[in-house]
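# Structure assessment
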Amino acid sequence: MDELVSRRGLRTPFIRVVRDGAPVDRARYTRSGGAGAEIGDQVAADLLLKLILDGSTVVLQGLHRVWPPLISFADTLAAELGHPVQVNAYITPPQSRGFDPHYDVHDVFVLQIAGRKRWLVHEPVVPLPLRSQPWRASSAGGPDVGPATAGPPTIDSVLSPGDAMYLPRGYLHSAAALGDVSAHLTVGVPAITRYALVEALCALAADDPVLRESLPIGVDLADSGALAADLAVTVQALVSRLAGATPADLVEHVRSEVWSATRAAPLAPLAQAAAIAALDAHTVVRRREHLRHRLHRIGDRVVVDLPDRTITLPAATGAALALLLAGGPITVADLPGLDPDERLVLVRRLLREAVLVPVR
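The following paragraphs examine the structure supplied in this document. If you're wondering where the values come from, they're calculated on a predicted model, not measured in any experiment. (Residues numbered from 1 in each chain as written. Predicted model: local features only at pLDDT ≥ 70, side-chain atom pairs only at ≥ 80, totals over all residues. Heavy atoms only, no water.)

Counting its regular elements, the chain contains 11 helices and 16 strands. Relative to its length of 360 residues, the chain is extended, with a C-alpha radius of gyration of 26 Å against a globular reference of 21 Å. Its C-alpha atoms put the chain at 70 × 65 × 40 Å along the principal axes. Of all 360 residues assigned to the chain, the portion counted as buried reaches 38%. Pairs at least 24 residues apart make up 75% of the contacts formed inside the chain by residues separated by at least 6 positions. For the chain, the exposed area adds up to about 19,300 Å²; of that, 57% sits on carbon and sulfur atoms. Computed over 35 positive and 38 negative side-chain charges, the separation of the two mean positions in the chain equals 6 Å. (Helix = DSSP H or I, 4+ residues; strand = E, 2+ residues; numbered from the N terminus. Rg over C-alpha atoms; globule rule 2.2 N^0.38 Å. Buried < 20%, exposed > 50% of the residue type's maximum accessible area, 1.4 Å probe, protein only. Contact = heavy atoms within 4.5 Å. Areas by Shrake-Rupley, 256 points an atom, 1.4 Å probe, with all protein chains shown as cover. Lys, Arg positive; Asp, Glu negative; His and termini not counted. Charge placed at Lys NZ, Arg CZ, Asp CG, Glu CD.)

Two quantities define a packed helix pair, namely the angle between the axes and the distance from one axis to the other. Orientation of helix α6 (residues 194–205) relative to helix α7 (residues 228–243), taken along the N-to-C sense of each, is 105 degrees, at an axis distance of 10 Å. With respect to α7, the axis of α6 lies roughly perpendicular. When α6 is examined against α7, the residues Leu-201, Leu-204 and Ala-205 are found in contact with a partner set consisting of Leu-238, Arg-241 and Leu-242. (Axes fitted to C-alpha atoms, helices over the stretch in contact; angles between N-to-C directions. Parallel < 35°, antiparallel > 145°, perpendicular 65-115°, else oblique.)

On the basis of which strands lie adjacent, the open sheet formed by 3 strands has the order β15-β11-β16 and antiparallel pairing. The outermost strands of the open sheet, each flanked by one partner alone, are β15 (330–331) and β16 (356–358). Bridge count for strand β11 (residues 284–287) against β16 is 3 bridges, and the pairing is antiparallel. Within the sheet, the bridge partner assigned to Arg-287 lies in β16 and is Leu-356. Against the sheet, helix α10 (residues 318–325) makes contact with β11, β15 and β16, and its axis sits at roughly 75 degrees relative to β11, the strand it touches most. Together, β11 and β16 form the strand contacts of helix α11 (residues 340–352), whose direction differs from that of β16 by roughly 100 degrees. (Pairing = 2+ DSSP bridges.)

So, in structure tokens, the structure goes:
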């Protein structure tokens, strides 16, 4: 934390500060970075120090994007789970607490790093909440968690360094530091749910002209009876359209959601440019780690689907592409089915597209 807030130009929203369950105004811990870095929301370490001494909790958000060991950890875990992964850190002064009892809309693994923290966990008031059902204080229109947290907790436990706890989404929880500064990571897993399949089915249903028809002119949308006929037609058309849906019909929608929430291993642009310039038959390359992709054929072309684009190449490159995308290191000269110039053209293209990286 000291490194990030004092030497890395950390900015909001990569940091939040909380005191007694309420967020602290960011103006109290940020200011301009000074000459040549006049960005107004950089963390001011001296201001942050005062808040920590007063008992505030520091939340470092998105560490899977800014701290190298956690970038590698989160990318590997996401690849193994098949679901996106995010990592935050919570640093709480002694005898202080961060947030009031609340729930998250993603699964959480709590990893205690330093100090001790007491956790109180209660049963959900919203079982398995979706991302569209986030926790809000009851005063802001959210569910009243008071009764749910008034009784004995499901878990009342103190975590020490090296301890871990799993919190399925929806479980109410709060924590307080004991005796010393406490630091823990929360590894969040915003899992793809069956509701994502419902959303994909709705997207699929949009190609039915009956479902795209307008409601009658002058319809009174406050009168449930006025909607009865249109609802019956809609349900019938929807059931008819969805009855024949197959996994292949839905995979594109769900794939896009998962792939857009994850990213490949970090890329070194200058090193990549140098590798392209020095490319020859003896260059060793491999697929960029954790790159989501799909290789298939359309007519006389082979297609590589990536999270944000599609690459189309001649069918003759198919065998070489399959070997390159398998992940292991390979020397350019060993690519099958192509002459020496074609091998260089293919590898250069994939290096430029950041699909491949050089092996040093």
